[in-house]
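Now for the letters of each chain:
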Amino acid sequence: MAILEVKKLNKTFPGGFFEKPRHILKDVTFSLPSGETTGFVGSNGSGKTTSIKCMLDFMCRDSGEILFFGKPLDPNAKRRIGYLPERPYLYEFLSGMEFLRLHWNLVQDSGKEFIGRAHEALKRVDLFEARDKKLRQFSKGMLQRVGIAQAILNRPDLLILDEPMSGLDPDGRGLVKDILRDEAKRGTSLFFSSHLLQDMEELCSHLVVINKGIVIYDGELTPFMQQYTSLEDAFRFAKEVKEGGVS
Amino acid sequence: MKKVLVIAKTTLQEMIRERLFIVIVFMAAVLLGISLLLGALSFSEQQRILANLGFTAIEVASVGISLFAGAFLLAKEIEKQTLLLVLARPISRDQFLMGKVVGILALNTMMVLVLGFVLYFLLGANPSFSSFFVILSSIWFEAAIVLSLVIFFSTVVRPILALLMAFGILMLGQWIPDLQFFAEKSKEMLFINGVKIVTWVTPNLFRFNWKSYYFLELGFDSQDVLWMIAHSFGWALIFFVFACLTFRRKDIV
């Protein structure tokens, strides 16, 4: 069963006075198998972030249908989703614990389990010691990690992460990868975007490739990889086929 | 409702910790101090000067908080994209906006009460408490209308422009009787009709501009107070509904 289905999603940005409207997403269609890790890969400006923003209703779509757990996005579905944006600008005036409490209170009706779950999430991202520091004192890597902590705090069924490893040092990247692997083991369906193909090869079982707003591949990673020596080759080839450069 | 309160609490924390509140309260306290000094210059008019300037200081602080917080807090959330994480949670955009308004109004309430308390005792606790409270309420309601208005504008245009537009409407609302007077005198149909349109689309803030010693002594008719409450609530609601309608369709790019 697909945990997320995106059907014929279109999005156009209005142009300026002398510019034409820009058609950013063109009939984007893909689905996420439940319990798997799906990579969403494409070069910069290919429409990954816009797709995610349309999926989560941060942007109004021109047309198309998006189903989470078989239904359009509603508060019940949102309770089951964890999300981390591309650049996690967080409320810097809050401490780590206050930030997690805010996100707990927006999802849960009772505060009973909060302390235990917050400590668990902070330990997993290696920020337990910094839990009472204000977020404005955090480094970029720490902000990314506390962002991941809020995403996993409510034990979501689906984690949507937009470029979760961008701008992190090797240690930070390793830590994030470990967290994603742990979440996958727990049975969480993962959907994360990246333009770094190595991450996809390491973590994903399923792949969605997007180029210039068009999905050029949606399926398992293995058959895709069998045809090519590396994901880079496959990605380049698939792009060329779609653009009509290779017969 | 719980989610609205969660956002309101965070908004309140933000304004207190980001020190916007402290700066504005400091300015109001300075104005109160100046009014006390000016009042001391004239023994017979001391109470009058202190009351008039004191109420003005509270109004400047209260409307100032509404204008600046309303214009910049939401814009900052959109620009820095901090609201993405919040809107990914089971909370609607209307609830988010309502939380922002409640948070800013909570701060305004605290500030009006604290400064009002100080002014009341500077006036020697002599004035009628009910009249004093009605005047403070009129300031609070004016700030509530301005807040809804500036939040509506900030969902449509950039924050500086939203602030200027809301300030313009605030001034128009205060000048309605003057505009009507000049329109009648001019006998120009264009001017008269223009002023009529302005009176329809602008809250009449002049009618509850009671920030003077005169009203403190005179007291209030309950009908006027009820009119103020209904008028303010109606306009604040209209602007808030417009804000929700535009914010629902806004792309968080």
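This text follows the structure it describes.
Worth saying up front: this structure is predicted, and the values here are computed from it rather than measured.

What counts as what
Residues numbered from 1 in each chain as written. Chains lettered and ligands numbered in written order. Predicted model: local features only at pLDDT ≥ 70, side-chain atom pairs only at ≥ 80, totals over all residues. Helix = DSSP H or I, 4+ residues; strand = E, 2+ residues; numbered from the N terminus. Rg over C-alpha atoms; globule rule 2.2 N^0.38 Å. Buried ≥ 20, exposed ≤ 12 C-beta atoms within 10 Å, placed from the backbone. Contact = placed C-beta atoms within 7 Å. Pairing = 2+ DSSP bridges. Axes fitted to C-alpha atoms, helices over the stretch in contact; angles between N-to-C directions. Expected span 1.5 Å × (residues − 1). Arc of directions from axis to C-beta.

Enquirer: Explain the overall build of chain B here, please?
Expert: Counting secondary structure elements, chain B contains 10 helices and zero strands. Ordering the α and β elements of chain B from the N terminus gives α-α-α-α-α-α-α-α-α-α. Rg of the C-alpha trace for chain B: 19 Å, near the compact-globule value of 18 Å for 253 residues, within the 12% margin. Structurally, chain B occupies a C-alpha span of about 60 × 50 × 30 Å along its principal axes. Across the 253 residues of chain B, 43% fall into the buried class. Of the contacts formed within chain B by residues at least 6 apart in sequence, a portion of 83% connects residues at least 24 apart.

Enquirer: I keep staring at the overall build of chain A and nothing clicks. Help me out?
Expert: Within chain A one finds nine helices and nine strands. Relative to a compact globule of 247 residues, whose C-alpha radius of gyration would be 18 Å, chain A shows 19 Å and is just as compact. The principal-axis extents of the C-alpha atoms in chain A amount to approximately 60 × 45 × 35 Å. For chain A, contacts bridging at least 24 residues in sequence account for 68% of all contacts bridging at least 6.

Enquirer: What should I look at first to understand the sheet that holds strand S2 (residues 22–33) of chain A in this one?
Expert: Each strand in a sheet pairs with another by means of backbone hydrogen bonds, the pair being arranged parallel or else antiparallel. Residues and elements named next belong to chain A. Spatial strand order, S2-S1-S4: three strands in an open sheet with antiparallel pairing. If you trace the sheet from one side to the other, it starts and ends with S2 and strand S4 (63–68), each paired once. Sheet twist, expressed as the average angle between the axes of neighbouring strands with direction ignored, equals 15 degrees.

Enquirer: Before we go on, may I ask you to explain helix H6 (residues 170–186) of chain A in this structure?
Expert: Given 3.6 residues to a turn, an α-helix orients residues that are three or four positions apart in the same direction. Residue and element names in this part refer to chain A. The first and last C-alpha atoms of H6 sit 24 Å apart over 17 residues, in line with the 24 Å expected at 1.5 Å per residue. When H6 is considered as a whole, its buried residues turn out to be Leu175, Val176, Ile179, Leu180 and Glu183. Seen end-on, H6 carries its buried residues on one side only, within an arc spanning 135 degrees. Away from its buried face by more than 90 degrees, H6 exposes Pro170, Asp171, Gly174, Asp182 and Lys185. Tucked into the core, H6 has its buried residues touching helix H4 (114–124), helix H5 (140–153), strand S6 (158–162), strand S7 (189–194) and helix H7 (197–203). In the stretch just after H6, Gly187 is the one whose phi turns positive, near 105 degrees.

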